[in-house]
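Given next are the chains, with one letter for each unit.
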Amino acid sequence: MLARVICSIVKAGGLVIFATATLPGSIKEKFIELCGDDNVREITVKGPARQVAVNTVDASLIENIDTISCNDFSIVILNTVDRAYNAYIRLRERCDKDDEGKVVLIHSLMTRGDREEVYRKISNAENLRNSGKSTGFILVGTQAIEVGIDFSFDKLYTELSPMDSLIQRIGRVGRRGIKGEVTIFTKLESPAPYNDEVINVTHGQVNRLKTIDFSDVNAISGLLDNVYTRDLVEKISSKGDELFYKSIDYLENLHLFAYPPDEETYEFLIRPSYYVEVVILDADKLIHYDTNISTDKVLTQLKNGHCIRYEIGNKVRILCDENTIHMNMFKLSISELREEPLNRYRNLISNLGNIASQSIYLLTFNARDELAIILINRAKEMNMHIDIFAFENINENEINRLLWNPPPLIAILDEAGNLEIYQHYMGLNTELIKPSQQVTTKKRSRRSRKR
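Residues numbered from 1 in each chain as written. Predicted model: local features only at pLDDT ≥ 70, side-chain atom pairs only at ≥ 80, totals over all residues. Heavy atoms only, no water.

Visitor: Which residues make up unusual backbone geometry, and what values do they have?
Guide: A cis amide bond, omega 10 degrees, links A192 with the succeeding residue P193. As for its position among the elements, P193 is in the loop between β6 (180-185) and α6 (196-206). Positive phi is not limited to glycine here, since N383 has a value of about 55 degrees. Looking at the element boundaries, N383 is found in the loop between α13 (370-381) and β14 (388-393). A residue is classified by how much of its surface remains accessible, and N383, at 71% relative accessible area, is exposed. Located in the positive-phi region is Y425, a residue other than glycine, with phi close to 70 degrees. By secondary structure assignment, the location of Y425 is in the loop between β18 (422-423) and β19 (427-428). According to the relative accessible area criterion, Y425 is buried, its value standing at 9%. (Helix = DSSP H or I, 4+ residues; strand = E, 2+ residues; numbered from the N terminus. Buried < 20%, exposed > 50% of the residue type's maximum accessible area, 1.4 Å probe, protein only.)

Visitor: Describe the sheet that holds strand β5 (residues 155-159), and please don't skip the residues or the numbers.
Guide: Within the open sheet, the 7 strands sit side by side as β3-β4-β2-β5-β6-β1-β7. Their pairing is mixed. Of all the strands in the sheet, the pair left with one neighbour each is β3 (103-106) and β7 (211-213). Averaged over all pairs of adjacent strands, the angle between their axes in this sheet comes to 20 degrees, without regard to strand direction. Pairing between strand β2 (residues 73-77) and β5: 4 bridges, direction parallel. Its bridge partner lying in β5, I75 is registered against L156. (Pairing = 2+ DSSP bridges. Axes fitted to C-alpha atoms, helices over the stretch in contact; angles between N-to-C directions.)

Visitor: Any chance you could break down the packing of aromatic side chains for me, citing the residues and the numbers?
Guide: Overall, the coordinates contain 4 aromatic pairs when judged by the stated rule. An aromatic cluster of at least three residues, connected via ring pairs, comprises F73, F137 and F153. The ring of F214 has R50 sitting right over it, with the charged end atom 4.3 Å from the ring centre. The residue whose ring lies beneath K331 is Y275, and the NZ or CZ to ring-centre distance is 5.2 Å. (Phe/Tyr/Trp six-rings, centres within 6.5 Å; stacked < 30°, edge-to-face > 60°. Lys NZ or Arg CZ within 6 Å of the ring centre and 35° of its normal.)

Visitor: Provide a residue-level description of helix α10 (residues 295-303), including the pertinent values.
Guide: Of all the residues in α10, the buried ones are V298, L299, Q301 and L302. Buried residues along α10 cover an arc of 160 degrees about the axis, so they all sit on one side. Those residues of α10 that are buried are in contact with β9 (286-288), β10 (307-312), β11 (315-321), α11 (322-327), α13 and β14. Of the residues one or two after α10, G305 is the one with positive phi, at around 95 degrees. (Arc of directions from axis to C-beta. Contact = heavy atoms within 4.5 Å.)

The structure is reproduced here in structure tokens:
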């Protein structure tokens with residue numbers, strides 16, 4: 001489907017730059033077939049010589065987590081947030097007993113602010129390693145750390161994943177002339193979240209893999225081509241092609257001044273996947289407003305990352321600065337084509353609704369109450385740039401609407417009563433995205449509470 005979309009842009013006269021380190025030949029052929037040979041230009045950039053030793057172990061990584069040394073500069077990647085979190089807890093208990101930040105965690109259910117702080121810790125640890133002063137450091141994560149982190153680790157311990165994913169993971173070690181070593185654990189509880197056929201074919205290939213030479217583009221392409229054969233790519237892409245053709249048909253039947261075509265007739269979704277952005281409201285930084293607090297002080301607190309809480313009628317309203325929202329946000333992916341991502345969202349809303357419905361807030365566009373107007377006017381007088389977001393709590397009757405109509409943005413408190421909803425540097429309480437009817441309300445250790 002991606003190739004069809006890109007080639008539609010190309011044929012309309014557009015220029016598209018498609019950059020990747022892991023493009024199978026069968027997909028490249030698809031681009032040439034759909035775009036035309038004259039419209040596709042391939043540029044290969046050869047990297048520096050870099051060989052990484054690869055070992056495979058027919059065992060489970062999570063069951064062998066205690067075999068990982070505490071003294072190396074290592075990265076550990078698991079395929080699900082749950083298993084990554086469990087590995088992090090076990091490694092931290094053994095390798096970071098004094099809570100010195102020698103074991104850190106990154107996954108998709110962590111806020112931008114927390115991830116940036118973890119990146120800072122990795123950078124400090126890498127500097128210590130490079131200066132010969134390191135006493136060990138371990139980054140634990142999911143596929144969220146396959147790309148986008150410019151660090152070089154000495155050792156990688158990873159669960160089996162598709163070949164393109166494995167190449168990205170292996171690319172995290174042995175950079176900048178440093179020797180790298182990789183151990184792939186091939187026994188999985190389940191292939192999820194990946195395609196089981198891709199996992200099975202990759203399994204057969206990695207058993208024969210001893211080294212990867214990242215300067216040999218042909219060798220990397222060969223590894224991908226052995227997995228992503230034309231037949232397998234056609235099979236995987238068939239659903240995307242079906243959606244593409246139905247969407248084109250739907251759009252062609254849109255007419256000016258007429259009702260849009262009935263989507264049920266076309267049996268497709270105009271938006272099959274999207275994100276719900278989740279803002280974490282830090283209870284420690286929620287200031288309860290009263291008239292004794294000056295307007296200038298409120299504005300200063302908003303700019304410093306605090307949010308203002310007050311009541312308006314029978315609603316609780318929370319005001320935050322836009323930068324605070326962005327730093328305390330993560331994205332929850334939703335797919336109408338796969339049950340698991342949508343169920344994770346619904347489980348989160350349902351569990352919070354059952355236990356702590358007052359912890360859920362929605363963005364309101366009716367924020368021009370007296371306090372908001374005073375703050376906006378005073379900020380203008382002070383030439384202070386501030387963009388205020390306003391959230392209001394929902395009631396129990398609104399839970400069902402949220403379950404079936406995910407909004408683009410929601411805000412939730414990081415704790416409610418005895419329930420730890422979100423913990424800094426550890427992320428969302430994953431019990432809340434499981435279909436359990438009874439989520440534990442026992443708080444997790446406060447040692448990782450943001451300092």
